[in-house]
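Structural characterization, general
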Amino acid sequence: MKDAALLKNCMKKDAAVKLIRRGGLETTIDHILFANGGQNAIAATLASLCKPGERIGVDQHTYPGLKTVAAMLSVQIVPIKSENDEMSPASFEYACKNENIKGIYLIPDYHNPTASFMSVENRKMIAAIAKKYNQFIIEDASYHLLNKKPLPAVASFAPEQVIYIASLYKSFAPGLRLAYVAVPSQFKEPISKALYNLNVSVSPLLAELAARTVVSNQFEVLIEGHREQTIRRNQLVNRYLADFTCLGAETGIFRWLLLPGKITGAEFETLAKQQGVQVYAAERFVVGNSCPERAVRVSVCAPETLEELERGLIILKRLLNDLT
Ligand SMILES: Cc1ncc(COP(=O)(O)O)c(C=O)c1O
């Protein structure tokens, strides 16, 4: 009985290794932990690696769930400047020397909210600085599988520094609240304990379902189906917003719309809401006293149908035209 349970656990970890490899990182089963989604993994990682009052570096605009969990744990977040839409290695190094940070949080692929990608060169430089100053990196790979050919993970350049979190929510199915986490040996015990304290365990049923989907390669079909849908939706965005700067790849589930004229993101969000369209302003994502970009995030896959997306885009286009 015990052997059968062990075997099952190995199968689940093998599936995690396979999926993570598909996303651009080679790892082994002894590094794998399971969490109830990306947010849960971020919370457990921060809770185990930072004490209240300690500091981590993040992009000037970042995923709001990171901000709320840091606030809950009294972990301070320090904005690190971007250059060419990606975290600047020089600013990271400055923060290592002067800001007393313990680590950083990154979203290298399909950044939320700016939809940017970190270049391979930058991944290498950020990894080298993390090694030099013994910083941890939380690499949030929520969207890595949207890539047909994923870029190498930051973790592949600094495997001893990086906690790599692969949520299944966005690329598989929202019902699968599960994340595979590849954890360096030095952090495995504290993060494993934090996950136990928060969850005891993940749902064995969901973990089994996810593992079977991965091992059977069924996940490739799911991902491809989502990708096709997403591309179709982004083509609509490109068509309607062609006269404006709407950053992001056609395989991404959101776009970063830079606003014309002088309107702020928050003002545009209110304007769009009055017309029945929900976009999220840069102000929701901004960190510390960084200046929010005059931009909004457009969630391409949130509308239920292509027609609903099209209706929203027509309204956005009209509002944008009125601003120019
Ligand atoms: C960058 C990022 N990380 C983590 C999450 C949360 O992931 P999960 O739904 O797996 O908890 C999200 C959800 O929107 C996200 O955008």
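Rules used in this analysis
Residues numbered from 1 in each chain as written. Predicted model: local features only at pLDDT ≥ 70, side-chain atom pairs only at ≥ 80, totals over all residues. Heavy atoms only, no water. Helix = DSSP H or I, 4+ residues; strand = E, 2+ residues; numbered from the N terminus. Rg over C-alpha atoms; globule rule 2.2 N^0.38 Å. Buried < 20%, exposed > 50% of the residue type's maximum accessible area, 1.4 Å probe, protein only. Contact = heavy atoms within 4.5 Å. Areas by Shrake-Rupley, 256 points an atom, 1.4 Å probe, with all protein chains shown as cover. Lys, Arg positive; Asp, Glu negative; His and termini not counted. Charge placed at Lys NZ, Arg CZ, Asp CG, Glu CD. Near = heavy atom within 4 Å. Polar contact = N/O pair within 3.5 Å; in protein donor to acceptor, adjacent residues only side chain to side chain. UniProt positions renumbered as here; feature names shortened; annotations may be inferred. Axes fitted to C-alpha atoms, helices over the stretch in contact; angles between N-to-C directions. Parallel < 35°, antiparallel > 145°, perpendicular 65-115°, else oblique. Left-handed = near helix turned anticlockwise from the far one by under 90°. Nonpolar A, V, L, I, M, F, W, Y, C, P; charged D, E, K, R; others polar. Pairing = 2+ DSSP bridges. Salt bridge = Lys/Arg side-chain N within 4 Å of Asp/Glu carboxyl O. Expected span 1.5 Å × (residues − 1). Right-handed = clockwise from strand over helix to strand, strands pointing away.

1. Points about the overall build of the protein
- Within the protein one finds 10 helices and 13 strands.
- For the protein, whose C-alpha radius of gyration is 20 Å, the value lies close to the compact-globule estimate of 20 Å for 324 residues.
- Counting only C-alpha atoms, the protein reaches 65 × 50 × 35 Å along its principal axes.
- Looking at the protein as a whole, 51% of its 324 residues qualify as buried.
- Excluding contacts between residues fewer than 6 apart, the proportion of contacts in the protein whose partners are at least 24 apart in sequence is 70%.
- Entry remark: accessible area of the protein is about 14,800 Å², with carbon and sulfur atoms responsible for 54%.
- Once the 37 positive and 32 negative side-chain charges of the protein are each reduced to a mean point, those two points are 3 Å apart.

2. Focus: the site of the ligand
- Taken together, 14 residues lie near the ligand, and Gly38, Asp140, Tyr143, Ser167 and Arg177 sit nearest.
- Take aspartate 140: an N or O atom from its side chain is 2.5 Å from a nitrogen atom of the ligand.
- At a separation of 3.2 Å, a nitrogen atom of the ligand approaches a polar side-chain atom of serine 142.
- When isolated, the ligand has an accessible area of 390 Å², and the protein chains bury 90% of it.

3. What about the UniProt feature "domain: Aminotransferase class I/classII large" (unreviewed entry) in the protein?
- Per the UniProt record, "domain: Aminotransferase class I/classII large" (unreviewed entry) is found at residues 19–309.
- As annotated, residues 19–309 has a helix share of 38% and a strand share of 19%, and its two end C-alpha atoms lie 31 Å apart.

4. Quick word on the environment of tyrosine 164
- If you trace the backbone, tyrosine 164 turns up in strand β8 (residues 162–167).
- Placed 23 residues apart in sequence, tyrosine 164 and alanine 141 show a C-alpha to C-alpha distance of 6.8 Å.
- Contacts of tyrosine 164, omitting those with residues within four sequence positions, involve Ile20, Gly23, Leu25, Glu139, Ala141, His144, Ala153, Ala155, Tyr180, Val181 and Ala182.
- A polar contact is formed between the side chain of tyrosine 164 and the side chain of histidine 144, at a distance of 3.4 Å.

5. Topic: the packing of helix α8 (residues 218–240) against helix α10 (residues 306–323)
- Axis separation between α8 and α10 bottoms out at 10 Å; the angle between their running directions is 20°. Considering their axes alone, α8 and α10 lie roughly parallel with respect to each other. Two packed elements cross with a definite hand, and for α8 against α10 that hand is right-handed. Across the interface between the two elements, Arg232, Arg233, Leu236, Val237, Arg239 and Tyr240 of α8 pack against Leu306, Leu309, Glu310, Leu313, Ile314 and Lys317 of α10.
- Here the contact of α8 with α10 is built from residues that sort into seven nonpolar, no polar and five charged.

6. A look at the sheet that holds strand β3 (residues 76–80)
- Taken in spatial order, the seven strands of this open sheet run β1-β9-β8-β7-β6-β2-β3, and their pairing is mixed. The outermost strands of the open sheet, each flanked by one partner alone, are β1 (32–35) and β3. Strand-to-strand, the axes of this sheet are offset by a mean angle of 25°, without reference to chain direction.
- In this structure, β8 lies alongside strand β9 (residues 179–182), joined through four bridges in antiparallel fashion. Each bridged residue has a counterpart across the sheet, and for alanine 166 the counterpart in β9 is tyrosine 180.

7. What to know about the pattern of salt bridges
- Going through the model one piece at a time under the given rule, you end up with 11 salt bridges.
- Lysine 148 is paired through a salt bridge with glutamate 224; the nearest N and O atoms lie 3.7 Å apart. With lysine 148 in the loop between β7 (136–140) and β8 and glutamate 224 in helix α8, the pair connects residues that are 76 residues apart, well separated along the chain.
- For lysine 148, a relative accessible area of 55% corresponds to the exposed category.

8. Quick word on helix α2 (residues 38–49)
- Across its 12 residues, α2 extends 16 Å between first and last C-alpha, which sits within 8% of the 16 Å expected from 1.5 Å per residue.
- α2 sits mainly inside the fold: nine of its 12 residues count as buried.
- Looking at α2, one finds that the buried residues are Gly38, Asn40, Ala41, Ile42, Ala43, Ala44, Thr45, Leu46 and Leu49.

9. A short note on the pairing of strand β6 (residues 101–106)
- For β6, the buried fraction is high: five of the six residues fall into the buried class.
- In the sheet, strand β2 (residues 55–59) pairs with β6 via three bridges, with the strands oriented parallel. Bridged to isoleucine 56 within β6 is glycine 103.
- Looking at chain direction, β6 and β7 are connected through four bridges and run parallel. Across the sheet, residue isoleucine 104 finds its bridge partner in β7, namely isoleucine 137.
- Taking the sense of rotation as the criterion, the β-α-β connection linking β6, helix α5 (residues 120–132) and β7 turns out right-handed.

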